[in-house]
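# Architecture and fold: a report
Chain by chain, the residues:
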Amino acid sequence: MQKLEEIYKLLPTDVEKRLKTETAFENEQIQEIRLRALRPLFVKTNKKKYFLSDENGDWIITSRHIKEAVEKLGGYSLYAFEEELKQGYLTVLGGHRVGFCGRAVLEDGKVKTLRQVSSLNIRIAGEVKGCAEEWIPYLFENNKLCHTFIVSPPGCGKTTLLRDMIRCLSYGIGCKEGYNVGVVDERGELAAMKDGVPQMDIGPCTDVQENCPKGEGMLFLLRSMTPDVIAVDELGKEADFIGVEALLHAGVTLISTVHGSDMNGMLKNKKIKQMLEEMENGRILFLSNRWGIGTVQEIWDNLGQKRYERRVESCSFKE
Amino acid sequence: MLIQGIGAILILAATTLCGFAFAAKEKYRLKDLEEIERGILLMKNQISYLGTPLTELLEQISWKTEGITGQAFQEISRQMDERRGNSAEEIWEGIWLSLGKKSYLTAVDLEELVSFGRTLGFIEKEQREGSMDMLLHYLREKQEGIKKRLEKNGRLYYSMGVLSGLLLVITLL
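Residues numbered from 1 in each chain as written. Chains lettered and ligands numbered in written order. Predicted model: local features only at pLDDT ≥ 70, side-chain atom pairs only at ≥ 80, totals over all residues. Heavy atoms only, no water.

## Here we look at the overall build of chain A
- Check the secondary structure of chain A and you find nine helices and 20 strands.
- Since a compact globule built from 319 residues should have a radius of gyration of about 20 Å, the 20 Å found for chain A is in line with a globular shape.
- Buried residues in chain A amount to 52% of all 319 residues.
- Contacts spanning at least 24 positions in sequence make up 59% of the contacts within chain A whose residues lie at least 6 apart. (Helix = DSSP H or I, 4+ residues; strand = E, 2+ residues; numbered from the N terminus. Rg over C-alpha atoms; globule rule 2.2 N^0.38 Å. Buried < 20%, exposed > 50% of the residue type's maximum accessible area, 1.4 Å probe, protein only. Contact = heavy atoms within 4.5 Å.)

The structure is reproduced here in structure tokens:
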């Protein structure tokens, strides 16, 4: 409930009131709130998708709502989030990610910023403690922690699983001892730092380098914090791999999420393919939301051997 | 005779105080305008060079400024942090108009401040800085005017107070 209060506070007063008075999803977990100009307010829960309405029909979001939401989400200081806006998203307090869509302003062919925002997508960050515990033993080979990729299409719970893995490794849950975990939290979603304090439970032995590009962040952590494990969210861009090579050679274990859906798709990324070939031991966890968000569908090793496959309809993240 | 004496003293005291109050009003307004100018300058630097978000920066500035400026900046920062308004403009305007009534600022001063609030938090650097410069220009111009008036008329206000009191006493006696 606390999480929703945090989010509601960031929305225009009318929208906040409308969401608070809706009873249809009071026993469900909200995962997404979408605001689209001149279209109905949309809410996605763990069970269903809703277009909100009232006695006059659909509850329509106006351009004013979008403008106010952007102002409030940006702390009334959009200039301070220009870089994030350029990327099309913003992470707000609590680690919730807000995606923006609008008219791009270009400079030298590159996106300078966004104007006239027309859609907003607020993804509620989910902290599901314990969701990774079952999978920790699969990450070891001869008592040595393997480099690990968590792979899935968007919205399948990669970040949530990664966050809980960080917590488990930091506490030493499911392993012989706790690890020093360095987290490069480029988008502020993993630890949701506020005034230097993580708002999510990421364990007692975790150091967070926030708001820093992944490649540079990994090198920074490597130099400064002597981590055993480095965790990053959404590895994929060329620049992200700057730090990966150094990390592999330094004997530090990498745990990362990657967008993808199967092994073939993963191997299309040349850098990842190269990494899988170079690393001694690796694990790839494929997630799907076929049986609910956060379902680990398959686990492979870097040699192409399947280590686990879910065969039965089973639980997703235990809420 | 005694009552007449007391009356004369009271009249003199009242008119002298009026003279003082008239001069003091201008002085206090000058002080408020100076503090606002200082606050806006700090704001401009912090936004331009550090990109500090408004909540954080207004709170920092509130510690460094006195009087109504400090109070207003603190309250705006608090309300922004609590997301009490739908826009920065709404919060800025509400606070200045409510606190402004208790200050020596004129209606025109407040109007300038309110119109500055319309560009608060804007992403366009040129527009943001342009509106800060305009407000700073207005504040400096008003301060100059008050300083000149005080220099020219400051003593006059006090003397006028005393003299008008004397005139009244003599006429009544």
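Structure shown, so let's carry the discussion forward.
## Some thoughts on the packing of aromatic side chains
- The tally for this structure, following the rule as stated, stands at eleven aromatic pairs over all chains.
- Measuring from ring centre to ring centre gives 5.8 Å for Trp-92 of chain B and Trp-96 of chain B, while their planes differ by 55°; the resulting arrangement is tilted. Taken as a pair, Trp-92 of chain B and Trp-96 of chain B lie in helix α4 (residues 88-100) at a separation of four residues, close to a single helical turn. Of the two residues examined, Trp-92 of chain B and Trp-96 of chain B, each falls in the buried class.
- On the accessibility criterion, Trp-92 of chain B (0% relative accessible area) is buried.
- Clustering of aromatic rings is evident, with ring pairs tying together Phe-73, Trp-92, Trp-96 and Phe-116 of chain B.
- Positioned above the aromatic ring of Tyr-89 of chain A, the side-chain terminus of Arg-97 of chain A is 5.5 Å from the ring centre. (Phe/Tyr/Trp six-rings, centres within 6.5 Å; stacked < 30°, edge-to-face > 60°. Lys NZ or Arg CZ within 6 Å of the ring centre and 35° of its normal.)

## Some words on the interface of chain A and chain B
- The partner chain B presents 22 residues to the 18 residues of chain A that form the contact.
- The junction of chain A with chain B conceals about 1500 Å² of combined surface from both sides, 54% of it contributed by carbon and sulfur atoms.
- On the chain A side of the interface with chain B, the three residues burying the most area are Tyr-76, Tyr-79 and Arg-115 of chain A, jointly 48% of the side's total.
- Counting every contact that joins chain A to chain B gives zero salt bridges.
- The tally of links between chain A and chain B comes to eight residue pairs in polar contact (both at pLDDT 80 or more).
- Going through the elements one at a time, α3 (63-73), α4 (82-87) and β8 (110-123) of chain A are the ones with two or more residues in the side of chain A that touches chain B.
- Considering every element that reaches the side of chain A that touches chain B, the biggest residue donor is α3 of chain A, with four residues. (Buried area = accessible area lost by both parts, 1.4 Å probe. Salt bridge = Lys/Arg side-chain N within 4 Å of Asp/Glu carboxyl O. Polar contact = N/O pair within 3.5 Å; in protein donor to acceptor, adjacent residues only side chain to side chain.)

## Some remarks on the side chain of Ser-256 of chain A
- Relative to the assigned elements, Ser-256 of chain A resides in strand β17 (residues 253-259).
- Ignoring any residue separated from it by four or fewer positions in sequence, one finds Ser-256 of chain A in contact with Thr-148, Phe-149, Ile-150, Val-232 and Leu-235 of chain A.

## Quick look at the sheet that holds strand β6 (residues 89-92) of chain A
Residue and element names in this part refer to chain A.
- Overall, antiparallel pairing links the six strands, which are arranged β3-β2-β1-β8-β7-β6 in an open sheet. Two strands bound the open sheet, and with one partner strand each, they are β3 (49-51) and β6. Pairwise comparison of adjacent strand axes, ignoring direction, gives a mean angle of 30° for this sheet.
- Bridging between strand β1 (residues 30-36) and β8 involves five bridges; their strand directions are antiparallel. Residue pairing for β8: Glu-32 is matched across the bridge by Arg-123. (Pairing = 2+ DSSP bridges. Axes fitted to C-alpha atoms, helices over the stretch in contact; angles between N-to-C directions.)

## Looking at the packing of helix α1 (residues 2-50) of chain B against helix α2 (residues 54-64) of chain B
All names here are of chain B.
- Where α1 contacts α2, the two axes come as close as 10 Å, and the packing angle between them is 140°. Comparing their axes, α2 and α1 come out oblique. By crossing handedness, the relation of α1 to α2 is classed as right-handed. Between α1 and α2, the residues in contact are Arg-38, Gly-39, Leu-42, Met-43, Gln-46 and Ile-47 and Leu-54, Leu-57, Leu-58, Gln-60, Ile-61 and Lys-64, respectively.
- Residue classes in the contact of α1 with α2 are distributed as seven nonpolar, three polar and two charged. (Parallel < 35°, antiparallel > 145°, perpendicular 65-115°, else oblique. Left-handed = near helix turned anticlockwise from the far one by under 90°. Nonpolar A, V, L, I, M, F, W, Y, C, P; charged D, E, K, R; others polar.)

## Examining the nonpolar core
- One finds Ile-40, Met-43, Leu-54, Phe-73, Met-80, Trp-92 and Trp-96 of chain B to be the most contacted residues of the largest nonpolar core, which totals 35 residues.
- Ranked by residues supplied to this core, first place goes to helix α6 (residues 125-172) of chain B with seven residues.
- Aside from chain neighbours lying at most four places away, what touches Met-80 of chain B is Tyr-76 of chain A together with Leu-54, Thr-55, Leu-58, Ala-88, Ile-91 and Leu-120 of chain B.
- With 33 residues, the next largest nonpolar core counts Leu-11, Leu-73, Val-92 and Leu-120 of chain A among its residues. (Core = buried A, V, L, I, M, F, W, Y, C linked by side-chain atoms within 4.5 Å.)

## Digging into the sheet that holds strand β20 (residues 306-309) of chain A
All names here are of chain A.
- In spatial order, the strands read β15-β12-β16-β17-β11-β18-β19-β20; together these eight strands make up an open sheet with mixed pairing. Taken across any chain shown, the strands that pair with only one partner, and hence form the sheet edges, are β15 (206-210) and β20. When strand polarity is set aside, the average angle formed by the axes of neighbouring strands in this sheet is 20°.
- As defined by bridge partners, strand β18 (residues 282-288) adjoins strand β19 (residues 295-301) across six bridges and the pair is classed as antiparallel. When the bridges of β19 are listed, Leu-285 appears paired with Ile-299.
- Sheet contacts for helix α5 (residues 158-171): β11 (147-152), β12 (181-185), β15, β16 (229-232), β17, β18 and β19; angle to β17, the most-contacted strand, approximately 170°.
- Together, β12, β15, β16 and β17 form the strand contacts of helix α6 (residues 214-224), whose direction differs from that of β12 by roughly 155°.

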